[in-house]
Every structure is written in structure tokens, then in C-alpha cells.
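# Survey of secondary and tertiary structure
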Amino acid sequence: MVSNPVHGLPFLPGTSFKDSTKTAFHRSQTLSYRNGYAIVRRPTVGIGGDRLQFNQLSQAELDELASKAPVLTYGQPKQAPPADFIPAHVAFDKKVLKFDAYFQEDVPMSTEEQYRIRQVNIYYYLEDDSMSVIEPVVENSGILQGKLIKRQRLAKNDRGDHYHWKDLNRGINITIYGKTFRVVDCDQFTQVFLESQGIELNPPEKMALDPYTELRKQPLRKYVTPSDFDQLKQFLTFDKQVLRFYAIWDDTDSMYGECRTYIIHYYLMDDTVEIREVHERNDGRDPFPLLMNRQRVPKVLVENAKNFPQCVLEISDQEVLEWYTAKDFIVGKSLTILGRTFFIYDCDPFTRRYYKEKFGITDLPRIDVSKREPPPVKQELPPYNGFGLVEDSAQNCFALIPKAPKKDVIKMLVNDNKVLRYLAVLESPIPEDKDRRFVFSYFLATDMISIFEPPVRNSGIIGGKYLGRTKVVKPYSTVDNPVYYGPSDFFIGAVIEVFGHRFIILDTDEYVLKYMESNAAQYSPEALASIQNHVRKREAPAPEAESKQTEKDPGVQELEALIDTIQKQLKDHSCKDNIREAFQIYDKEASGYVDRDMFFKICESLNVPVDDSLVKEVTCKRLLLPAFTFPSPVWIPLCGL
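Conventions used here
- Residues numbered from 1 in each chain as written.
- Predicted model: local features only at pLDDT ≥ 70, side-chain atom pairs only at ≥ 80, totals over all residues.
- Heavy atoms only, no water.
- UniProt positions renumbered as here; feature names shortened; annotations may be inferred.
- Salt bridge = Lys/Arg side-chain N within 4 Å of Asp/Glu carboxyl O.
- Helix = DSSP H or I, 4+ residues; strand = E, 2+ residues; numbered from the N terminus.
- Buried < 20%, exposed > 50% of the residue type's maximum accessible area, 1.4 Å probe, protein only.
- Axes fitted to C-alpha atoms, helices over the stretch in contact; angles between N-to-C directions.
- Left-handed = near helix turned anticlockwise from the far one by under 90°.
- Contact = heavy atoms within 4.5 Å.
- Nonpolar A, V, L, I, M, F, W, Y, C, P; charged D, E, K, R; others polar.
- Phe/Tyr/Trp six-rings, centres within 6.5 Å; stacked < 30°, edge-to-face > 60°.

The name that an unreviewed UniProt entry assigns to the protein chain is EF-hand domain-containing protein 1, with the source organism given as Homo sapiens. UniProt lists a comment for the protein chain under the heading Subunit (unreviewed entry), and it reads "Microtubule inner protein component of sperm flagellar doublet microtubules. Interacts with the C-terminus of CACNA1E. Interacts with alpha-tubulin."

With that out of the way, let us pick up the pattern of salt bridges. Within this structure, the stated rule accounts for 24 salt bridges. With a closest N to O distance of 2.6 Å, E135 and R118 form a salt bridge. Residue E135 is found in strand β7 (residues 130–135), and its partner R118 is found in strand β6 (residues 115–125); the two are separated by 17 residues along the sequence. Take E135 and R118: they sit in the same class, and that class is buried. Among the charged side chains, a network of salt bridges with common partners joins E105, E113, R116, R118 and E135.

For the pair helix α10 (residues 510–518) and helix α11 (residues 525–539), interaxial distance at closest approach is 10 Å and the crossing angle is 145°. Along this stretch, α10 crosses α11, giving a crossing that reads as left-handed. Only A527, L528, I531, Q532, V535, R538 and E539 of α11 make contact with α10, whose side of the interface consists of E510, L513, M516 and E517. Looking at the contact of α10 with α11, its residues break down into six nonpolar, one polar and four charged.

Within this structure, the stated rule accounts for 20 aromatic pairs. Pairing Y355 with F359 gives two aromatic rings, centres 5.3 Å apart and planes at 45°, and the pair type is tilted. Judged by its relative accessible area of 1%, Y355 is buried. Using a relative accessible area of 34% as the deciding quantity, one classes F359 as partly exposed. Taking 6.3 Å as the distance between ring centres and 55° as the angle between the ring planes, the aromatic pair formed by F440 and F490 counts as tilted. In this pair, F440 sits in strand β20 (residues 437–443) while F490 sits in the loop between β22 (464–470) and β23 (495–498), placing the two residues 50 residues apart along the sequence. Residue class for F440 comes out buried when judged on its relative accessible area of 0%.

Quick look at the structure:
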């Protein structure tokens, strides 16, 4: 295609150029459709989409240019051909004018009405100037209705002239076949058509109504009911309407009584009452659904009817002054039915709506009737009788079969086989008690104390176990809240009162000092210092003590030599650790002594060779072997027989 990019150049060879980049050479569309009709429009772009420099005028400009024909150049213009003729049946096809009208009809054979107003619709068909009259059908009217006058051209006078649409208007009377129709209104299309043709329409009128028809539309006559309520009306009005109440019967005051839940149904249709039981799972009762069958319940009986045999005969209105009604069932109130007092604590939503509409009661809250557990009774323990520990005696008050009090297992595992030993003297005014010595063993695992008295020959006092393992209560502590002796109460010079006997701590072993130093927080600084000073004095004896030691009795020195020989034999044995554990097991009181038979039994079980002559020689000495004269922890000393 050759284009002329420069406007104004003539379309001549040499002044036009070909656009090599153009690829579209289609022709624009000049035919379109509007409202279903084909319309030709002038193109604005040429082939390939190039905008045309002509045909850019508006339609008004084009019409003006078309009217300005150059008469001098071309002569007189030719007249346009006449418009096409359109017949009436084509131009006014399916175009109908509708008027609302009525006519009055006499009714001579009726006493209830003298005339009748019948409403009709008048249709005028523009295509052929025909008319029809149609009356809308009314159900059960007893009158032949529908098409009164079929479609035809109607005469308006005796000369044979027919009705035209120019003769029709609102607010006029037209006579058709001897009947006068009053036109009161028309539809919107009819109004627009007549006004477009220059006809001035009268204002619309109100459609006349038939008096007899309006009389039939009035409500029925209202009758005044008698004073007694109509049971049939009650049945028809309140059929299938039931008030539901939730109640309880509290019979806990009687023997084996209980609090049980019930549902009370009040039937509004006949004022009867029904009581249903509410069963729970595993309640131990037979699943009977009803406590009382549906029946009318008397509220107040006649005085003479108290002896009436109710179990045999039915109660009638003659024996009853007042029956239970719906107003007697109120949430939060009690009522007695057949000798049982029921307390109503709740109702369903329908019952709340009924009481609000009928009685104006709006506040019917639910009442909480759940069982409240009584406050726990504080258990008071009887006074302590002095037998056993307080904790053990208290277990007899907690259960029928007493159980041992709970122990601190962690403390028992940590402090297992840990024993603190002290040497004490009895504080007594009796002279024979001044030379008595006692070994206190404090068991850290159970906080118990045992006392052992080493036997002294020819003292007149039988030694041995003085106090078994038990907890010792401090003086001045109450029975309800006892305070027991602890490790911090034992130090040099401390006074320990055990069941009325006072003991003074004189000495201790090295393990006690190590334990106190490792647990210094449990002890006071004075108690720790007393133990440390005492151990230092014992480890560094004075010269006078050494001189006294040299002046010992030869028998005592010989006895100590024999004991050292036996200890040396046991120390040199290969299973000395097993020997120490065996002696600790059989020394249950932790007194540091075992008898002769137990000593030989332990040695025999461990296959320990012991010189029998040395043991017999030690036995013959008949002397006491104190626990704190043996520095080695491997050997547990023997006690005399």
C-alpha cells in the first residue's frame, strides 16, 4: 500500500512512499446492528487502520451540507420519494387501551340488597377499533362473570356511528346495548397514548364498591361468653400446650430420706397435672416413669370431704373448693400435692413466655438447689496417753487399721548407717550414780536416740541397754506440738533430759567432729568450738596425764596389750572391711560392744583365725573395755560377760 505521510502533497508518482513496516491490510467494518436493525455507518479509518482525512464531520454538519445543493451548478434538486405506507393493523398491532368501569344492576328478588355494583374492564383495540367488556371473576359470587361483551365494533347511536378512541375518557358514561358504564380510570399506556394524541384526560375517580360485598367482609358478630369458661374453647386454644416445671422433693428429715428430682407437667387444655420421675444412672431404683398419673389435683377440699374415700372413688367438684391452676405453679415456691411438698426451682422457656404474656411475671430465675457439701469437721485428737510416739498414736485416730506414719525416704537414704556417739554422765544426787557412764547414739536417718550403759563389775548396777531407739521430746514442749532433740542439741557440756533423767555430755568421737564441720550451718558456733577444743585436748595429753599413764596398774597395762594383740590380728586379715561391716550389723544398738559368743560367731562365719588363749585371758581379767579407747574404726570392742 502506498501512503502519503505528508499532508498536502499531491497523490502523484514521486510524492508518495510505501510503508515497509505495515503488516495489517484489513478493511474496517461499516455495518452494525442496533435494536435488531442493520445500520450503515461511515468508515473513519481506511485499509490497514490508517485514519482517513475525510468523513470526519458530524451528522448535523453532513445534513447541513446535504441541504445546500449548488443550484447553479447542478440545477434544481429532485424531490425525495414519499414515505412507505404502513397499514393500521401493522402500526397498531397488539396495542390495546384499557379502561376501568362499573355499572349498576337492580336486584328485585332479594331482601338483603336492592342493587348490585359490578366492576368491569373495557378494552379498545387500536388495530381495528373494536371493543370488548370483561368482568373479573369473583369466587363464590353466584353470578355468571367473565366476558360480558365479546370483541366487536360497538355502535354509539342510532345512526350507526361506532365508538372511536377519541370518544373515550375518564369520568364519562358510555351506553352499550342499553347498559350504562361509568369509566373511572385507565392504565398508564392508555393515558400516555391519549395525551400524545392531544386529548385532555379528566381526573380519575374512585371505584364504586358493592354494598352487599362489603357487608360480607365485615367480621362476625362477637358473642359474650358466659361466666363459666368454655371447655371446648379451652381445648381448641391450648391444645398441645404444656407447662413444664422442674421440682425437688426433700425428704431428708425422715429416716432414710433423700432429696429427689421430678418434672411436673401442667396441661393447659384441661388443667391436669402429671409428675414424672427423673432417674439417674445406677440410682438403684426401678425405672418407673410416673410418680402421679395425669389428673386434676385438688388444692382445697370441703370440710366434710376429709373422710372421703379418695383411694376408691374419684374426687368431683362437690368435694373440692379450689383446684390447682397455672397461677399456683411459680418458680421459687413450694406446693403440696398428695401429701408431698415439692419445691419448684426452674421451668422451660415456653413456660416463661406464657407467664409473661398471661400474668405479666417476667422474673423467673433458676434457683440453685445443688447439694452443698458440709464444711469439713476439724478432727480433734484425744490427749496423748504416753505410749509410743505421738505420730504413731495419732494414726489410730485417722483410720480403723492404723498405718505407719510416712518417713522421709530421701533423708533415710542419705544418712543411712550414720550414727553420732556421745559419752554422757547421769546428773543425780545419788552417790552411786556419779560413776555411771552412758553412750548416746544419735541415728541421723530417723532422728532417734538410743542409750547404752557399759556394765561395770562389782558396781551393783546391771549395765546394757538403757533406752531403745526412740525419739526424745525436749522438756517444756507441748504434747500437741512436740519438739524432738536434734543433732544441734548435742555438744560438750549440753544437758539432755530423757524422760525425767538429766544427762551431761562429756565426750564424743572423731566422726562427730567431722560431721559437725561438714554441716556447720546446723550448729551454733559455741557448740562447734566446744567439740573442737575437746578433741584438741584429747589428742595432746598433758605431762601429768602421761606420768599417770606410766603409773598404771600392771594388770591394766597387760590387758591393754592383750587387746592391742587381738586388734592387730584382725587388722592384718585380708577381709577386714567385711569384719567391720559384720560387727556394725550385729551391734544393733550402736553401743560399740558385743558379747563373747557373738564375737566367736562372727569370726567363725568369716573364717577369721583368732587365738582362743588370748580371748580367754582377756575374759579372765573381768575389766570394762570402754568404747572410746580404740582409735581404729575397724574394731568394735567387746563387752564383759
